[in-house]
Structure formats: C-alpha cells, structure tokens
Amino acid sequence: MSLDVSPQLLAQAETGEVREEEFVETVRTSLPYAYELVASLVGELRAGSAEFADNQTPPPSEKERGQLLRALSSDAIRGSLERHFGVALAFQNCHRVAVFPAEARGGETYTRFTSLRSQILNQSPEFRDC
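Values in this document were obtained by computation on a predicted structure and should not be read as measured data.

1. Some thoughts on the nonpolar core
One broad trend across soluble globular proteins is that nonpolar side chains are buried collectively.
Next up, step 1: In terms of nonpolar packing, the biggest core is built from 24 residues, with Ile 77 and Leu 89 touching the most fellow members.
Next up, step 2: Of all the secondary-structure elements, those providing two or more residues to this core are helix 2 (20-30), helix 3 (32-47), helix 4 (62-73), helix 5 (75-85), strand 2 (87-92) and strand 3 (96-101).
Next up, step 3: Considering each element in turn, this core owes the most residues, 8 residues, to helix 3.
Next up, step 4: Setting aside its immediate chain neighbours within four residues, Leu 89 contacts Val 38, Leu 72, Arg 78, Leu 81, Glu 82, Val 97, Ala 98, Val 99, Arg 105 and Tyr 110.
Next up, step 5: If you look at the next biggest cluster of nonpolar residues, it comprises 6 residues, including Ala 88, Ala 90, Phe 100 and Phe 113.

Written out as structure tokens, the structure reads:
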C-alpha cells in the first residue's frame, strides 16, 4: 500500500470530495523520504540560479527507493506534489528526480532532460535492478 489513509480522508473520498491539502499531508506522512527529497530540491531550485535542481544520490535503502518510485509513478501523487510546490517534476533511473519551474515544462532544458537520449545516457549496470 502506498499511502496510510486516515478514516477521515477515506470518508471524504467516498463522498466524492477530497481536499488536495489533506491528500498532500497524507503523502508527506506516508512517503516521507519522497516528500522531503522533492521539498529539498524545490528549496535548492528557489535558492539558486540553475534551470533545475536534481538528485543523483541513491536512496539509503530499498524502503526509501520504494517510496520514491510510488510517489513518482502515481499520477495523483506526482501531480499533487507538483501543484503543492508549484514545480514540474522529471524522473530518471531509480532515484534521479529533477525539479523545474512549472513553466519550464515543454521548454528546451526540460525536454532535453526527459528525452530518450538523456534516458539512455543516464543508464548504468547498477540501475538494472532498482
């Protein structure tokens, strides 16, 4: 299970209304490694002058890697994180998450980062089983 959903949030979902702030809080508490990694990259992006901020350090364990994969493979979770932080996320390998300004999506740097070529160039044997 990806998220630890409270009875209150489940009740909201059953009636059709889910407040995104509560969903993001559920993500933050259920997938703390993924949430904190994105939050720290957002901080780096905003504090610097680079076009994007990215993580190239593998997670400390498979537990954290699983959190990251669950967060970024779910459209709902990924989209909520993007809206919450006002960014566009991009993902390569098993841990290389990049944070771009939201308006960069479709731009040259974002397109280059998410290209087939970049994906291929960012492969190595140690990523095969992640």
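Additional details are given in the paragraphs that follow.
2. Focus: the packing of aromatic side chains
Next up, step 1: Taken as a whole and assessed by the stated rule, the structure comprises 5 aromatic pairs.
Next up, step 2: When the centroid spacing of 5.7 Å and the interplanar angle of 70° are considered together, the rings of Phe 100 and Phe 113 count as edge-to-face. Residue Phe 100 is found in strand 3, and its partner Phe 113 is found in helix 6 (residues 108-113); the two are separated by 13 residues along the sequence.
Next up, step 3: A residue is classified by how much of its surface remains accessible, and Phe 100, at 0% relative accessible area, is buried.
Next up, step 4: Residue class for Phe 113 comes out buried when judged on its relative accessible area of 6%.

3. A closer look at the confidence of the model for the chain
Detail in the predicted coordinates should be disregarded across regions flagged by low pLDDT.
Next up, step 1: Residues at a pLDDT of 70 or more form 93% of the chain, whose mean pLDDT is 90.
Next up, step 2: Taking the mean pLDDT of every element in the chain, the minimum, 78, falls on helix 7 (residues 116-121) and the maximum, 98, on helix 3.

4. A few points about the sheet that holds strand 3
Next up, step 1: Here 3 strands make up an open sheet; going across it, the order is 1-3-2 and the pairing antiparallel. At either end of the open sheet lies a strand with only one pairing partner, and these are strand 1 (53-54) and strand 2.
Next up, step 2: Of the strand pairs in this sheet, strand 2 and strand 3 are connected by 6 bridges, and their pairing is antiparallel. Paired with Ala 88 across the strands is Phe 100, a residue of strand 3.
Next up, step 3: Across the sheet, helix 4 lies against strand 2 and strand 3, angled at about 125° from strand 2, the strand it touches most.

5. Points about the pairing of strand 3
One face of the sheet, then the other: side chains in a regular strand alternate in exactly this way.
Next up, step 1: Among the 6 residues of strand 3, 5 are classified as buried, and the element is accordingly described as predominantly covered.
Next up, step 2: Across 2 bridges, the pairing between strand 1 and strand 3 is antiparallel. Within strand 3, the position partnered with Ala 53 by the bridge is Val 99.
Next up, step 3: Taking the residues that link successive antiparallel strands as the turn, the strand 2-strand 3 hairpin has 3 residues, and the phi of Asn 93 there is positive, at about 55°.

6. A word on the pattern of salt bridges
Next up, step 1: In total, this model carries 8 salt bridges according to the counting rule given.
Next up, step 2: Of the charged contacts in the structure, one is a salt bridge between Glu 20 and Arg 83, with a shortest N-O distance of 2.6 Å. Residue Glu 20 is found in helix 2, and its partner Arg 83 is found in helix 5; the two are separated by 63 residues along the sequence.
Next up, step 3: Residue classification places Arg 83 among the exposed residues on the basis of a relative accessible area of 54%.
Next up, step 4: A salt bridge links Glu 82 to Arg 105, with the shortest nitrogen-to-oxygen separation between them at 2.7 Å. Highlighted residues: Glu 82 in helix 5 and Arg 105 in the loop between strand 3 and helix 6, separated in sequence by 23 residues.

Criteria and cut-off values
Residue positions are given per chain, counted from 1 along the sequence in the order it is written. Given that this is a predicted model, residues contribute local features only at a pLDDT of at least 70 and side-chain atom pairs are listed and counted only at 80 or more, while totals for whole chains, interfaces and linings are drawn from all residues. Calculated side-chain values reflect all of the structure's heavy atoms, with hydrogen atoms and water omitted. Note on terminology: a nonpolar core comprises buried Ala, Val, Leu, Ile, Met, Phe, Trp, Tyr and Cys residues joined through side-chain atoms within 4.5 Å. Here the term buried applies to any residue with accessible area under 20% of the maximum for its type, exposed to any over 50%, and partly exposed to those in between, with areas from a 1.4 Å probe on protein chains only. Every helix listed is a DSSP run of H or I at least four residues long, and every strand listed is a run of E at least two residues long, numbered separately from the N terminus. Residue contacts are counted whenever heavy atoms from the two residues lie within 4.5 Å of one another. Pairing of aromatic rings covers Phe, Tyr and Trp, the last counted by its six-membered ring, and requires centre-to-centre distances within 6.5 Å; plane angles under 30 degrees mean stacked, over 60 mean edge-to-face, and any other angle means tilted. The pLDDT value tells you how sure the predictor is about a given residue, anywhere from 0 up to 100. Paired strands, in this sense, are two strands between which DSSP finds at least two bridges. Angles here are taken between N-to-C directions and fall from 0 to 180 degrees, while the axes themselves are lines fitted to C-alpha atoms, restricted in helices to the stretch in contact. By salt bridge we mean one thing: a side-chain nitrogen of Lys or Arg within 4 Å of a carboxyl oxygen of Asp or Glu.

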